[in-house]
Amino acid sequence: MEFRDLKAQYQHLKPELDEEVLKVMKEGNFISGYQVSELEKQLAEYVGVKHCITCGNGTDALVLALMAWNIGKGDAVFVPDFTFFASAEAPAFLGATPVFVDVESRTFNISPNELENAIQGVLKEGKLIPKAIIAVDLFGQPAEYPRILEIAKKYNLFVLEDGAQGFGGGIGEKKACSFGDIATTSFFPAKPLGCYGDGGAIFTDNDDWAELVKSYRIHGKGGNKYDNIRIGMNSRLDTMQAAILLVKLKAFVDHELHDVNTAADYYTSKLKNIVNTPIIKEGYLSSWAQYTIILDSKKQRDELQNVLKENGVPSMIYYPKQMHKQEAFHYVCEKEHSFKVTNELIDNVLALPIHPYLTREEQEKIINTIINFFENKSN
Ligand SMILES: *Cc1c(COP(=O)(O)O)cnc(C)c1O
């Protein structure tokens, strides 16, 4: 059994994928082929924003967005304490200071109350200037944007939506990657919409920021690539990945997003009385980058993971370490904040296999292994 079965997906989409990849090789436009602009057009349309700009990966996408806002030294950028390293690495890479904020248990997303406390703490301290909030759509569920956007407005902050895991999710009729002033996603193979290598994208309705991002991603180009008006980077999505993503986006929209939700609902219906299952807020839709259960203790979590492994079921711990404890961020002052929820989550979370091609038989095996684990314990 695979944790995220990319081979099953390939078998399902093989004829189309093979044809499109071969076409790229025959046509020879490996960088900036027509597939790249076609993909950008389709992604913007799907998400419901004016501009989609693809780039090399989801981390570059975050950096490019922050560059468009000129974020750097002396700026405070608020980031959840429970996320993948890149969410906080991006502002730190530009010299800004990530200020970590605790999350909410069960949704795993940044806590609006703790966010406001952290902003007030930075203002009171007076050393850094609050500039932006990086809200992460963790495990596929959009962060609580109605409240986050309200707080951003009150304190005049930019909102950057890190939708690396959130593509396809939504709140009401509005889709993930449309909530932030700028949003980003990643096409790393294991993400909800993944390519066959690295890839990423930036989404925004703002024309000026879109122009800046387009320039920064190609060596700070002006009128053309040999007219350089700012220091940028080289971060493009290549034609091969765009061709692959065009096929995968179609499958994602046609059935994958639906199928992964069916699998998640099945887990929840069978497991909700046994363990703490993830909660999707009323009116929210998740794209289920992960299906993460919460156990009662580290000991119980580690025991269950071992039993799953003995039964041939892969599982993962996302994430095993708080951002504020990462050595790379040692300079960040954390004493004013509390990370109570994150501290518990890192000990107690366990992500189960989830993807659109997970079979009912595989799910039954996973569920029964968990049920047996708890029955054996209570005997
Ligand atoms: C994967 C991920 C990223 C980085 O994406 P890459 O394409 O791997 O650079 C950023 N933020 C979050 C929350 C992620 O899960």
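Residue indices begin from 1 for each chain and proceed along its sequence in written order. Confidence filtering applies because this is a predicted model: local features only for residues at pLDDT of at least 70, side-chain atom pairs given and counted only at 80 or more, and all residues used for totals across whole chains, interfaces and linings. Side-chain numbers come from the whole structure's heavy atoms, not from hydrogens or water.

## Here's the deal with the overall build of the protein chain
Keep this limit in mind: Only DSSP runs of H or I reaching four residues or more are called helices, and only runs of E reaching two or more are called strands; each is numbered from the N terminus. Put simply, the radius of gyration uses C-alpha atoms, and a globule should come to 2.2 Å times the residue count raised to 0.38. Buried residues are those whose accessible area, probed at 1.4 Å on protein chains only, stays under 20% of the maximum for their type, while exposed residues exceed 50% and partly exposed ones sit between those limits. In this description, contact between two residues means that some pair of their heavy atoms is separated by no more than 4.5 Å. Only the protein chains shown count as covering a residue, and every accessible area follows the Shrake-Rupley method with a 1.4 Å probe. For this count, His and the chain ends are skipped, Lys and Arg are scored as positive, and Asp and Glu as negative. Note that the charge is assigned to NZ on lysines, CZ on arginines, CG on aspartates and CD on glutamates.
Assigned secondary structure in the protein chain consists of eleven helices and twelve strands. Relative to a compact globule of 379 residues, whose C-alpha radius of gyration would be 21 Å, the protein chain shows 21 Å and is just as compact. Dimensions along the principal axes, computed over C-alpha positions, put the protein chain at roughly 75 × 60 × 35 Å. Looking at the 379 residues of the protein chain, the share that counts as buried comes to 54%. Contacts spanning at least 24 positions in sequence make up 72% of the contacts within the protein chain whose residues lie at least 6 apart. Carbon and sulfur atoms make up 50% of the accessible area of the protein chain, which totals about 16,600 Å². Between the averaged position of the 40 positive side-chain charges in the protein chain and that of its 51 negative side-chain charges there is a distance of 2 Å.

## Description of the nonpolar core
The condition is simple: Side-chain atoms within 4.5 Å link the members of a nonpolar core, which is a set of buried Ala, Val, Leu, Ile, Met, Phe, Trp, Tyr and Cys residues.
Of all hydrophobic cores here, the largest spans 42 residues; its most connected members are Trp69, Phe82, Phe108, Leu160 and Ile182. Elements represented by at least two residues in this core include exactly β1 (51-55), α3 (58-68), β2 (75-80), α4 (86-93), β4 (129-136), α7 (207-217) and α10 (340-348). At eight residues, α3 tops the list of elements feeding residues into this core.

## Section: the pairing of strand β8 (residues 182-186)
The condition that has to hold: Here a strand pair is declared whenever DSSP counts at least two bridges between the two strands.
Across the five residues of β8, five count as buried, placing the element largely inside the fold. In β8, alternate side chains face the same way, and those of Ile182, Thr184 and Ser186 on one face and Ala183 and Thr185 on the other are all buried. Both strand β5 (residues 158-162) and β8 contribute to a ladder of three bridges, which runs parallel. Its bridge partner being in β8, glutamate 161 is matched across the sheet by alanine 183. Where β8 lies against strand β9 (residues 200-204), five bridges are found, and the strand directions are antiparallel. Bridge pairing links isoleucine 182 to threonine 204 in β9.

## Some words on the side chain of glutamine 165
Looking at the element boundaries, glutamine 165 is found in the loop between β5 and β6 (170-171). In this structure glutamine 165 touches Asp137, Leu138, Phe139, Gly140, Lys191, Pro192, Ser287, Ala289 and Tyr319, once residues within four positions along its chain are discounted.

## Examining helix α5 (residues 112-125)
Put simply, the rule is: Multiply 1.5 Å by the residue count of a helix minus one, and that product is the helix's expected span.
For α5, built from 14 residues, the straight-helix expectation of 20 Å at 1.5 Å per residue is met to within 8% by its first-to-last C-alpha distance of 20 Å. In the core, the buried residues of α5 are packed alongside β2, β3 (97-101), β4 and α6 (145-155).

## Regarding the sheet that holds β9
To keep things clear, this is the line we draw: To get an axis, fit a line to the C-alpha atoms, keeping to the stretch in contact for a helix; angles then go from 0 to 180 degrees between the N-to-C directions.
Across the sheet, which stays open at both edges, the seven strands sit in the order β1-β9-β8-β5-β4-β2-β3 with mixed pairing between neighbours. The open sheet has two free edges, formed respectively by β1 and β3, since each of these has just one partner strand. Across the sheet, the mean angle separating the axes of adjacent strands is 25° when strand polarity is ignored. By the bridge criterion, five bridges tie β2 to β3 in an arrangement that is parallel. What sits directly across from valine 77, in β3, is proline 98. Here helix α2 (residues 34-47) sits on the sheet in contact with β1 and β9, set at roughly 130° to β1.

Limitation: the analysis is restricted to geometry and does not speak to function.
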